[in-house]
Amino acid sequence: MMLKIENLHASVDGKEILKGIDLTIGAGEVHAIMGPNGSGKSTLSNVIAGRDGYEVTQGSVTYKGMDLLAMLPEERAWAGVFLAFQYPVEIPGVNNTYLLKAGVNASRKHRGEQELDAMEFMQLVKEKAKLVELDQSFLSRGVNEGFSGGEKKRNEIFQMAVLEPSLALLDETDSGLDIDALRIVAKGVNELRAAERSIIMITHYQRLLDYIQPDVVHVLADGKILKTGDKSLALKLEERGYDWVREEAHA
Amino acid sequence: MSNTKKEQQPESFTNREYEAGFITDIETDTLPPGLNEDVIRHISAKKDEPEWLLNWRLEAFRHWQTMTEPHWPNVTYTPTDYQAISYYSAPKSQADGPKSLDEVDPKLLETYEKLGIPLREQAFLAGVAVDAVFDSVSVATTFKGKLKEVGVIFCPISEAVRDHPELVQQYMGSVVPTGDNFFAALNAAVFTDGSFVYIPKGVRCPMELSTYFRINALNTGQFERTLIIAEEGSYVSYLEGCTAPQRDENQLHAAVVELVAMDDAQIKYSTVQNWYPGDENGLGGIYNFVTKRADCRGARSKVSWTQVETGSAITWKYPSCVLRGEDSVGEFYSVALTKMHQQADTGTKMIHIGKNSRSTIVSKGIAAGHGNQSYRGLVKIAKSAEGARNYTQCDSLLIGDQCGAHTFPYVEVKNPTATMEHEATTSKIGEDQLFYCQSRGISEEDAVNMIVNGFCKDVFNELPMEFAVEANRLMEVSLEGAVG
């Protein structure tokens, strides 16, 4: 089992957002989590990645048998958890490659592996940049500094490719992308699908799922998983909206 | 059940031990505290100075007595009792001045060794000559011989007074007059040592020159004076470093630095200032009240000030350029870090007099803990400065919510052809940035370092390579314990 979430309750500023989430994700599976605005989708990904300011009041998150909630964000990263940000952050003056190298080598160190030297790392990075058709010039620029919206999202998937996580959370990676950029990002993600890598995609739109076929689709609304199904559920949501799921759940 | 992961607060800045805080136990020849004409005569006699210099000192002292201490900077401190300070302290073993490195007291060599400044030439970084100033005297100057071959003079200023009196008399006080300001007048009256650099016409100084200032004795002030003269078409890169022991008392450091650049001459002056900053409650630390000024006398002359200020309880200084020559260039690159209860009011003055003179100011302020800092800068374009240009960029980075950053830019333009640009930003190290780095596997502490170093990059790039590494390390040490 890659990830097991049981009865997860979480609050932000004292307001309960997640109201009992249960979710199980097996190795190699791709799950899509869809839901209306304010349903708790981003809260869920932030809780899994360990962002400050999210208070877990009840429940548990178990990742590869470990209590994820007891770990610092960087410890989660070392263990193979990755979050592709909805709004990637700019860090002026810090070289994109430098940040990644520090991240990769910190993880390797904690796994007892030898750190990559500059040459080995450049080779790895150049190879992975091709995956999302990221121009080499991005590697030496400041982290997300002056990147367009689409470039930022591609940079996230590029980072995912370099960090090779076991569990990747893609938080609205499709938002703000034009159709060409979406195709490139989706191609990158598809190439990163692997038997030992699970992916959670958080999205508003069915559109993304045309490009990245999920194994399971969940509907998150009002802080709970209201419905779980296969790819056809996403099509139905697009057609009919979310109200019927709510009504069905409350019936 | 609550989120069990460790509570993290970037604002909980604790001080990692100040590495240079040790005291060297050495027998000293120290004057009793107090300041009067006899003390000045005594200092002058100790240094075996000519009469003109004694008179110069006395004149400055008499002027100083008529002045009042200024209180306009945006800092607060208990006033200094000028009668409670000792104005001269020197290791006894150095009484006659070192003839060569072999004669330097091993205890002193050990002190500098501990600070990472080995004075034995073969041990030191190739290509860097060092003048080591310990309290009131210079204890050693390396590579003097090698420099002499190309005509470069690099020696303690007291030695320059003896061996090159005509140069000292001609230039000392010509950039910062004795009555320039309260602290400059005090310095002129009581200055003890410092470095003297003379680069002859057309010579590119073959190595980096550096002076390492160390305050060791208790209740003393350090009043050093540095004078650098770059003749026509010459080039020199000079660096100063500073440390002091950890003590509960505040100590005054009031230096004067004068630079003179002739036609086509270039002086690059870098400072890595790591005086003892005081403890986490704001007790102790150095008052760093310094006057630094460059006179770009010649056409196309260029002076570049780069400073990394991480130490001192209070830093109060404005390395400035008087851009007298046509097409002369002044630059000021600064990183100032104030943490715990440190305060800084620093910046620069660019005085444009020559036609088409240009200046660039890049100031990066980082405040953490209860640190408070101000950028204060003056850009003055005189009527004569046809076509002058200035670019100013001031950025502040705040870590936590108990610190402060302020910007006081002053602009006086008397010539309508001048071009002025000013950019200023204030940002906080965002939780967002920290979390972003952490989610990529970088610990919070490393993330803070990375973000701060990125913020300072434009300035660190200006430092000579060896010292850029040192500056990076110093920032890391200073920021250690910044979080967690």
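Every chain is numbered independently, its residues counted from 1 as its sequence is written. Think of it this way: whatever chain is written first is A, whatever ligand is written first is 1, and the rest follow in order. Predicted model: local features are reported for residues with pLDDT of at least 70 only, side-chain atom pairs are reported and counted for 80 or more only, and whole-chain, interface and lining totals are derived from all residues. Neither water nor hydrogens contribute to the side-chain values; these are computed over all heavy atoms in the structure.

Some points on the sheet that holds strand 6 (residues 81-84) of chain A
Residue and element names in this part refer to chain A. For clarity, the threshold we go by: A pair of strands is considered paired only if DSSP assigns at least 2 bridges between the two. Every helix listed is a DSSP run of H or I at least four residues long, and every strand listed is a run of E at least two residues long, numbered separately from the N terminus. Where helices are involved, their axes are fitted lines through C-alpha atoms of the stretch in contact, as for all axes, and angles between N-to-C directions lie from 0 to 180°.
A sheet is described by the order of its strands in space; here six strands give the open sequence 6-9-10-3-11-12, paired in mixed fashion. Only two strands of the sheet have a single partner each, and these edge strands are strand 6 and strand 12 (224-229). Going from strand to strand, the sheet's axes swing by 20 degrees on average, the running direction of each strand aside. The sheet contact formed by strand 6 and strand 9 (residues 167-171) spans four bridges and is parallel.

Digging into the interface of chain B and chain A
You'll often see interface size given as the accessible area lost when the parts meet. Worth spelling out the cut-off: Contacts are assigned to residue pairs that have any heavy atoms within 4.5 Å of one another. Here the quantity called buried area is the accessible surface, traced with a 1.4 Å probe, that two parts lose on coming together, added over both. Should a side-chain nitrogen of Lys or Arg be within 4 Å of a carboxyl oxygen of Asp or Glu, the pair is scored as a salt bridge.
If you look at the interface, chain B gives 25 residues, while chain A gives 42 residues. Carbon and sulfur atoms supply 59% of the area that chain B and chain A bury against each other, a total of about 2,700 Å² over both sides. For the pair chain B and chain A, the interface holds two salt bridges. Close ionic contact of Arg440 of chain B with Glu156 of chain A constitutes a salt bridge, the shortest N to O distance being 2.7 Å.

Considerations on the packing of helix 8 (residues 431-438) of chain B against helix 9 (residues 444-460) of chain B
Residue and element names in this part refer to chain B. Worth spelling out the cut-off: To sort the angles, those under 35 degrees are grouped as roughly parallel, those over 145 as roughly antiparallel, those from 65 to 115 as roughly perpendicular, and the leftovers as oblique. By definition, any crossing whose near helix is turned counterclockwise from its far helix by less than a right angle is left-handed, and any crossing with a clockwise turn is right-handed. Nonpolar residues are Ala, Val, Leu, Ile, Met, Phe, Trp, Tyr, Cys and Pro. Charged residues are Asp, Glu, Lys and Arg, and all others, Gly as well, are polar.
It is the contact of helix 8 with helix 9, at a shortest axis distance of 9 Å, that shows an interaxial angle of 120 degrees. By the angle between their directions, the pair helix 8 and helix 9 is classed as oblique. Along this stretch, helix 8 crosses helix 9, giving a crossing that reads as right-handed. Between helix 8 and helix 9, the contacting residues are Gln433, Leu434, Cys437 and Gln438 on the first element and Glu444, Ala447, Val448 and Ile451 on the second. Per-class residue counts for the contact of helix 8 with helix 9 are five nonpolar, two polar and one charged.

Thoughts on the pattern of salt bridges
To keep things clear, this is the line we draw: Classification of residues uses two cut-offs on accessible area relative to the type maximum, computed with a 1.4 Å probe and protein chains only: under 20% is buried, over 50% is exposed, and between them is partly exposed.
Applying the stated rule across the entire model yields 33 salt bridges over all chains. Residue Lys187 of chain A is joined to Glu133 of chain A by a salt bridge in which the shortest nitrogen-to-oxygen separation is 3.6 Å. Here Glu133 of chain A lies in the loop between helix 4 (118-131) and strand 8 (142-143) and Lys187 of chain A lies in helix 6 (residues 179-192), a separation of 54 residues in the sequence. The partly exposed category is assigned to Lys187 of chain A, whose relative accessible area is 36%. As a salt-bridge pair, Arg300 of chain B and Asp264 of chain B come within 2.8 Å of each other at their nearest N and O atoms. Taken as a pair, Arg300 of chain B in the loop between strand 13 (285-296) and strand 14 (302-309) and Asp264 of chain B in the loop between strand 11 (256-261) and strand 12 (266-273) lie far apart in primary sequence, 36 residues in all. In this structure, a network of salt bridges that share partners links the residues Arg108, Arg111 and Glu113 of chain A.

A word on the side chain of Glu159 of chain B
All names here are of chain B. How we decide: A 3.5 Å cut-off defines polar contacts: any pair of N or O atoms within that distance qualifies, except that in protein one atom must be a possible hydrogen donor and the other a possible acceptor, and neighbouring residues in sequence count only when both atoms are side-chain atoms.
Positionally, Glu159 belongs in helix 5 (residues 157-163). On the basis of relative accessible area, Glu159 is assigned to the buried category, the value being 18%. At 3.1 Å, the side chain of Glu159 and the side chain of Lys144 are in polar contact. Every residue in contact with Glu159, bar those within four places of it in the chain, is listed here: Lys144 and His164.

Observations concerning the sheet that holds strand 1 (residues 3-12) of chain A
All names here are of chain A. Reading across the sheet, the four strands line up as 2-1-4-5 and stay open at both edges, with antiparallel pairing between neighbours. With one partner strand each, in any of the chains shown, strand 2 (15-25) and strand 5 (66-67) form the two edges of the open sheet. Inspection of the sheet shows strand 4 (residues 54-63) paired to strand 5 by two bridges, in the antiparallel sense. Opposite Tyr63, over in strand 5, you have Met66 as the bridge partner.

Comments concerning the nonpolar core
Our working definition: Here, nonpolar core refers to any group of buried Ala, Val, Leu, Ile, Met, Phe, Trp, Tyr and Cys residues whose side-chain atoms link them within 4.5 Å.
Of all hydrophobic cores here, the largest spans 84 residues; its most connected members are Leu35, Tyr82, Tyr87, Leu186, Val190, Phe196 and Leu252 of chain B. Ranked by the residues each element gives to this core, the list is headed by helix 7 (residues 182-190) of chain B, at eight residues. The residues touching Leu35 of chain B, leaving out its near neighbours within four places in the chain, are Ile40, Phe61, Trp64, Tyr82, Gln83, Tyr87, Leu186 and Val190 of chain B. Membership of the second largest hydrophobic core comes to 64 residues, among which are Ile225 of chain A together with Val308, Ala368 and Ala468 of chain B.

A few points about the environment of Leu58 of chain B
Its location among the elements puts Leu58 of chain B in helix 2 (residues 51-65). The contacts of Leu58 of chain B, once residues within four sequence positions are left out, are Glu37, Ile40 and Arg41 of chain B.

Here's the deal with unusual backbone geometry
Residue and element names in this part refer to chain A. Look at Lys64: it is not a glycine, yet its phi comes out positive at around 45 degrees. In this fold, Lys64 is placed in the loop between strand 4 and strand 5. Residue classification places Lys64 among the partly exposed residues on the basis of a relative accessible area of 42%. Positive phi values are uncommon outside glycine, yet Glu172 reaches one of about 45 degrees. Position of Glu172 relative to the elements: it lies in the loop between strand 9 and helix 6. Among the residues examined, Glu172 registers a relative accessible area of 8% and is labelled buried.

What is shown is where atoms sit, not what they do.
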